[in-house]
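Spelled out, the chains give:
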Amino acid sequence: MTGRSGRESLLPSLRGWPGWCAVLAALVVVVLGTLYAGDGEPGAVDARVSAAVEGAGPSWRKAALATDFLGEPVGAAVLVVAAVTGCLLLRSPRAAVLVVAGTGTAVGVTKLLKPLVGRTIHGDENLSYPSGHTAFLTAYALVVALLAAGRLGLGRTAGTALVLGAALVAGGAMGWAQVALGAHYPSDVLGGWCTALAVVPAIARLAGRTAAGEGGRPALNGTGRSHI
């Protein structure tokens, strides 16, 4: 062990993170943004997917609204505060910073991309690509899963499965809600999902390098493998 406390074990183990996945996600964001730049109508695939999702019936609307709330300012704040509080209780301030930085950056990137892409829905003033709601919940799930993988000392395969699984479930749930409520096209939510996949690993790696620089070298877990 180094001089650093085991309190920082919540910081994510990135050794198992597939960097190529983040690069591919960024490429998807760019391709979709270019394809739908300045558009105000759903694409052919968008129309088919939207019809299938909206055909689920009104009984699912409450579930969609509840999920959508998690991406609204109040709901998002509750999630972030809960995660930050948990990190502080576990005496891991860097993990708390990662929660805020990861989710905040993902949402910030979507806000920057929307006017650049200029895609609209339900009128010229409603910018839709990429979905900020989907980016937020996906980023939140990614950060929490990364921190959990680091704290539990999961190996490469298990850690990657946990992180990608969490991103898929969270992004899929919010994406479904956005399409079901008619707030976004399916390609918008895909863009939001990929935005989080591209941004969060970069923020986490930056946090890891900063921590390593401050401590001289990354903290090691019981197996001698770095947590960052």
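For clarity, every value in this text was computed on a predicted model and none was experimentally measured.

Rules used throughout
Residues numbered from 1 in each chain as written. Predicted model: local features only at pLDDT ≥ 70, side-chain atom pairs only at ≥ 80, totals over all residues. Heavy atoms only, no water. Core = buried A, V, L, I, M, F, W, Y, C linked by side-chain atoms within 4.5 Å. Buried < 20%, exposed > 50% of the residue type's maximum accessible area, 1.4 Å probe, protein only. Helix = DSSP H or I, 4+ residues; strand = E, 2+ residues; numbered from the N terminus. Polar contact = N/O pair within 3.5 Å; in protein donor to acceptor, adjacent residues only side chain to side chain. Contact = heavy atoms within 4.5 Å. pLDDT = per-residue confidence, 0-100. Arc of directions from axis to C-beta. Disulfide = S-S within 2.5 Å. Axes fitted to C-alpha atoms, helices over the stretch in contact; angles between N-to-C directions. Parallel < 35°, antiparallel > 145°, perpendicular 65-115°, else oblique. Left-handed = near helix turned anticlockwise from the far one by under 90°. Nonpolar A, V, L, I, M, F, W, Y, C, P; charged D, E, K, R; others polar.

Considering the nonpolar core
Consideration 1: By size, the foremost hydrophobic cluster in this structure holds 39 residues, and its most contacted members are Val99, Phe136, Leu142 and Leu147.
Consideration 2: Taken together, the elements giving at least two residues each to this core come down to helix 1 (19-35), helix 4 (73-89), helix 5 (93-117), helix 6 (132-152), helix 7 (156-180) and helix 8 (186-215).
Consideration 3: Among the elements that make up this core, the one with the highest residue count is helix 6 (10 residues).

Remarks on the side chain of Thr195
Consideration 1: Residue placement: Thr195 occurs in helix 8.
Consideration 2: Residue classification places Thr195 among the buried positions, given a relative accessible area of 2%.
Consideration 3: A distance of 2.7 Å separates a polar atom in the side chain of Thr195 from the backbone oxygen of Gly191.
Consideration 4: Dropping the residues within four chain positions of it, Thr195 is found in contact with Val29, Ala106, Val109, Thr110, Leu113 and Pro130.

Things to note about the confidence of the model for the protein chain
Consideration 1: Across the protein chain, the average pLDDT comes to 85, with 82% of residues at or above 70.
Consideration 2: Per-element mean pLDDT across the protein chain ranges from 84 in helix 8 up to 97 in helix 4.
Consideration 3: Ignoring residues within four places in sequence, the model shows residues 1-12, a span with pLDDT below 50, making 41 contacts including any to other chains.
Consideration 4: Predicted confidence is poor over residues 216-228, with pLDDT under 50, and the contacts of this stretch with residues over four places away or in other chains come to 36 contacts.

Description of the environment of Arg48
Consideration 1: For Arg48, the position within the fold is in helix 2 (residues 44-54).
Consideration 2: When its relative accessible area of 62% is taken as the criterion, Arg48 is described as exposed.
Consideration 3: Here the alpha-carbon distance between Arg48 and Pro186, two residues 138 residues apart in the chain, equals 9.5 Å.

Quick look at helix 2
In an α-helix, one turn spans 3.6 residues, which is why side chains three or four residues apart end up on the same side.
Consideration 1: Here helix 2 has its buried residues at Asp46, Ser50 and Val53. Down the axis of helix 2, the buried set is contained in an arc of 65 degrees. They therefore lie on one face. Away from the buried face of helix 2 by more than 90 degrees, exposed residues Ala44, Val45, Arg48, Ala51 and Ala52 are located.

Concerning the state of the cysteines
Consideration 1: One pass over the structure, following the stated rule, counts zero disulfides.
Consideration 2: Cysteine Cys194 remains unbridged, with the sulfur of Cys21 as its closest cysteine sulfur at 8.2 Å.

Describing the packing of helix 6 against helix 7
Consideration 1: Two elements in contact, helix 6 and helix 7, have axes separated by 8 Å at closest approach and are oriented at 160 degrees. Taken together, the axis directions place helix 6 and helix 7 in an arrangement best described as roughly antiparallel. Relative to helix 7, helix 6 is oriented so that their crossing is right-handed. Of the residues in helix 7, those in contact with His133, Thr134, Leu137, Thr138, Ala141, Leu142, Ala145, Leu146, Ala148 and Ala149 of helix 6 are Gly159, Leu162, Val163, Ala166, Ala167, Ala170, Gly171, Met174, Gly175 and Gln178.
Consideration 2: The class makeup of the residues in the contact of helix 6 with helix 7 is 13 nonpolar, seven polar and no charged.

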